[in-house]
Amino acid sequence: MRTLLQFDFAFDGPWGQDLQIACRDLADDIAAQPGLIWKLWGENRSAGRACGVYLFETPESGRCLCDQASAAARRLRRDRPDDLVLQPQSAAVSHDARAAVRGQAMYTTIAEVEIENLARFLSIFATDGRSKREAHGSLGAEVLFASDGSDRVIVLIDWRDEAAYDAFRSDASVPPTMAKGGAKGRPRFTPVIRAGRFAA
């Protein structure tokens with residue numbers, strides 16, 4: 001069973017390209033871990049937070065990297081290691097590493113939200129929701145369901161650019177569409193940077 005590992009922690013920078021340069025060796029180390037399919041690193045400068053999302057082939061491979069991911073986060077936040085939060089999750093993925101394949105997107109986000117029912121959510125996400133996303137420049141999306149009993153979905157969306165994402169977020173007709181799909185409140189969006197893609 002594919003396993004999704006997500007962690008979030010307080011962070012003061014560096015950001016953007018500076019973070020990519022500073023963490024190049026760290027990214028290579030993590031990417032070389034057995035069983036890793038893809039990884040996403042995200043940043044929220046205004047909130048002073050950073051996050052990582054990793055997809056593994058098996059729960060075992062995910063657990064093997066869990067301690068190393070924790071140590072990596074502590075390397076970035078040496079003064080406040082207790083801020084780290086790890087959330088191991090199982091995820092059903094319909095296409096192998098689909099998120100990593102679409103590397104042409106200029107802007108990518110992940111969104112996390114609790115839902116009432118997966119079938120209902122997917123039905124609206126694939127129809128009314130798709131129309132809304134396409135109207136604002138979405139290049140594709142993927143839904144990961146957390147099967148830990150929390151009824152959470154994590155959605156990866158590729159956008160034409162940041163302006164397309166901003167237009168989607170400001171569209172007043174989007175929240176009612178999400179509610180129609182059974183979303184419990186507004187999703188929490190995080191911009192992310194694809195740090196690498198590896199065949200194995």
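In what follows, the structure referred to is the one given above.
Please read these numbers as outputs of a predicted model, since none were measured by experiment. (Residues numbered from 1 in each chain as written. Predicted model: local features only at pLDDT ≥ 70, side-chain atom pairs only at ≥ 80, totals over all residues. Heavy atoms only, no water.)

Further remarks concern the nonpolar core. Nonpolar side chains in soluble globular proteins tend to end up buried together. Residues Phe121, Phe125, Val143, Val153, Val155 and Trp159 are the most contacted members of the largest nonpolar core, which totals 18 residues. Taken together, the elements giving at least two residues each to this core come down to β5 (107-114), α5 (118-125), β6 (138-146), β7 (152-159) and α7 (162-170). Looking at which element gives the most residues to this core, the answer is β7, with four residues. Of all hydrophobic cores here, the second largest spans 16 residues; its members include Trp15, Cys23, Leu26 and Ala27. (Core = buried A, V, L, I, M, F, W, Y, C linked by side-chain atoms within 4.5 Å. Buried < 20%, exposed > 50% of the residue type's maximum accessible area, 1.4 Å probe, protein only. Helix = DSSP H or I, 4+ residues; strand = E, 2+ residues; numbered from the N terminus.)

Below, the discussion takes up the pattern of salt bridges. In total, this model carries five salt bridges according to the counting rule given. A salt bridge links Glu112 to Arg152; its shortest N-O distance comes to 2.3 Å. With Glu112 in strand β5 and Arg152 in strand β7, this pair connects stretches of sequence that are 40 residues apart. Of the two residues, Glu112 and Arg152, neither departs from the other in class, the shared state being buried. Salt-bridge contacts for Glu116 lead to Arg120; the nearest nitrogen and oxygen are separated by 2.6 Å. (Salt bridge = Lys/Arg side-chain N within 4 Å of Asp/Glu carboxyl O.)

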